[in-house]
Amino acid sequence: MLDLKFIRQNPEAVKAGAAKKRIPCDVDGLLALDATVRALTAEVDGLRAKQNALGKDVAKAPADQRAKLVAELSALKQGMKEQEEQLAKQQAELAARLLRIPNVPADEVPEGKDDSENVEVKRWGEPKAAGSTPRDHVSLCEAQGWLDVERAGRISGSRNYFLFGDLSQLETAVMRYALDLMVARGFVPLSVPTLVRSEVMVGTGYFPGGEEQAYRCDERDDLCLVGTAEVPVTALHMGEILKLEDLPKKYVALSSCYRREAGAAGKDTRGLYRVHQFQKVEQVIVDIADPERSLEHHRMIVANAEALLQSLELPYRIVNVCGGDLGAPQIQKFDIETWMPSRGGYGETHSASRFHEYQARRLDLRYRDAEGKVRHCHTLNNTVAASARMLIALVENHQRADGTVWVPPPLRSYLGGRETLGRKL
């Protein structure tokens with residue numbers, strides 16, 4: 001969340017940022033409530049000081065005056081209790097409203113209403129022409145006996161799948177390669193919980209606002225399945241004050257991910273593009289509150305994903321996400337979209353985001369700077385590889401006319417040295 005002091009000092013910038021993101025935002029109402037809370041706080045503090053002084057008077061008063069002072073103290077306590085209850089209610093409302101205020105986007109974020117107005121900044125590789133491949137990933141994988149969505153549907157409903165044989169092994173190979181690539185680049189590998197408390201979803205900016213996309217467990221447990229390892233990894237040090245010499249923290253995690261895909265009815269229903277469960281390798285950075293350093297990290301985590309795609313010989317493009325497609329927490333986001341011949345275009349496979357202090361304030365994630373001052377950290381994250389969509393890109397871009405699939409060199413050691421998967425069809 002934003003610093004309330006920052007909002008007080010920069011209300012027009014906050015309003016403009018929310019407008020750029022197309023997110024309704026009552027900044028004036030928030031500031032009015034903030035003024036009420038501050039006034040009530042001062043009033044309660046004054047009553048508390050008066051109560052302390054009156055308590056001392058009672059202790060010193062002669063016996064014949066004590067009853068009157070005790071009655072006065074009792075009335076004061078009752079009045080203070082009512083004011084404290086009112087203050088607590090207003091503070092809770094202020095905190096709830098503050099969670100709804102979006103981060104202010106960077107100046108470099110383009111104007112735009114939705115993903116159709118994202119701005120392309122780079123393109124790599126030569127995409128195959130639409131229709132140049134004989135089969136889409138579903139037709140090819142079903143013909144090879146690698147994919148079964150019908151049986152998965154009977155067991156788990158739509159947007160679920162079974163992977164068999166070579167395709168299951170290819171998924172494992174891609175995930176392991178992505179993880180090893182990041183470890184070689186200095187990231188610490190983690191195995192993480194995929195069930196987290198609601199406060200962690202709030203802390204990372206997914207709640208409030210994203211509840212429809214999350215799978216909730218029994219309310220008695222107050223647990224949610226995560227849609228990305230970003231959530232537990234970013235929250236790893238919540239409530240802590242990190243040492244300056246320990247920063248930056250660079251983590252990478254492979255986890256299962258779960259998404260409801262609410263609101264996507266009838267959209268991308270065929271195959272593996274929009275599914276409820278998949279594997280993903282996620283990179284997360286936690287560092288000092290330095291905008292230039294955060295920008296350097298942002299470029300670096302995008303470059304990490306590019307290195308993976310280039311080594312797998314998958315054409316892609318990078319887009320600077322416009323305001324209307326940018327989530328509430330992000331300062332700026334770059335999406336990497338990989339070429340998928342059956343779609344006749346690029347499909348999103350990676351999202352690289354920087355948040356400045358937005359997540360860290362919610363998570364109370366801090367560090368002590370060189371002067372000894374406690375400050376909130378900056379956080380960033382990006383996909384390294386998401387299994388389902390990576391499988392689409394690999395199978396469709398590297399299929400041969402005979403129905404077999406060519407294996408890019410970096411994956412071969414994970415597949416027993418094989419250069420080709422599948423049988424001739």
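Residues numbered from 1 in each chain as written. Predicted model: local features only at pLDDT ≥ 70, side-chain atom pairs only at ≥ 80, totals over all residues. Heavy atoms only, no water.

Applying the stated criterion to the full structure yields four aromatic pairs. Between W124 and Y316 the ring centres are 5.6 Å apart and the planes differ by 20°, which places this aromatic pair in the stacked class. Here Y316 lies in strand β11 (residues 316-320) and W124 lies in strand β1 (residues 119-124), a separation of 192 residues in the sequence. Between F162 and F164, the aromatic rings sit 6.2 Å apart at their centres with planes inclined by 45°, giving tilted as the arrangement. When its relative accessible area of 34% is taken as the criterion, F162 is described as partly exposed. Note that R343 overlies the ring of Y273, its terminal NZ or CZ placed 3.7 Å from the centroid. (Phe/Tyr/Trp six-rings, centres within 6.5 Å; stacked < 30°, edge-to-face > 60°. Helix = DSSP H or I, 4+ residues; strand = E, 2+ residues; numbered from the N terminus. Buried < 20%, exposed > 50% of the residue type's maximum accessible area, 1.4 Å probe, protein only. Lys NZ or Arg CZ within 6 Å of the ring centre and 35° of its normal.)

Moving on: the pairing of strand β13 (residues 345-356). By the criterion of burial, β13 is predominantly enclosed, with eleven of the twelve residues buried. Between strand β12 (residues 332-340) and β13, which pair antiparallel one after the other, the connecting turn spans four residues, and G344 there sits at a positive phi close to 65°. (Pairing = 2+ DSSP bridges.)

Note that an α-helix has 3.6 residues per turn; residues three or four places apart therefore point the same way. Here helix α10 (residues 291-311) is 21 residues long and its end C-alpha atoms lie 30 Å apart, about the 30 Å a rise of 1.5 Å per residue gives. Turning to α10, its buried residues are S294, H297, H298, I301, V302, N304, A305, E306, A307, L308 and L309. For α10, the capping residue at the N-terminal end is D290, with a side-chain oxygen 3.0 Å from the backbone nitrogen of E292. Positive backbone phi, approximately 55°, marks E313, located one or two places after α10. (Expected span 1.5 Å × (residues − 1). Polar contact = N/O pair within 3.5 Å; in protein donor to acceptor, adjacent residues only side chain to side chain.)

Turning to the pattern of salt bridges, a few remarks are in order. Enumeration according to the criterion identifies 23 salt bridges in this entry. Here D180 ties to R176 by a salt bridge, and the two come within 2.9 Å at their closest N and O atoms. Residue D180 and its partner R176 are both found in helix α7 (residues 165-184); the two are separated by four residues, about one turn of the helix. By relative accessible area, D180 is classed as partly exposed at 25%. In this structure, E282 and K280 form a salt bridge, with 2.4 Å as the shortest nitrogen-oxygen distance. Bridged by salt links that share partners, the residues E120, R123, R317 and E337 form one connected network. (Salt bridge = Lys/Arg side-chain N within 4 Å of Asp/Glu carboxyl O.)

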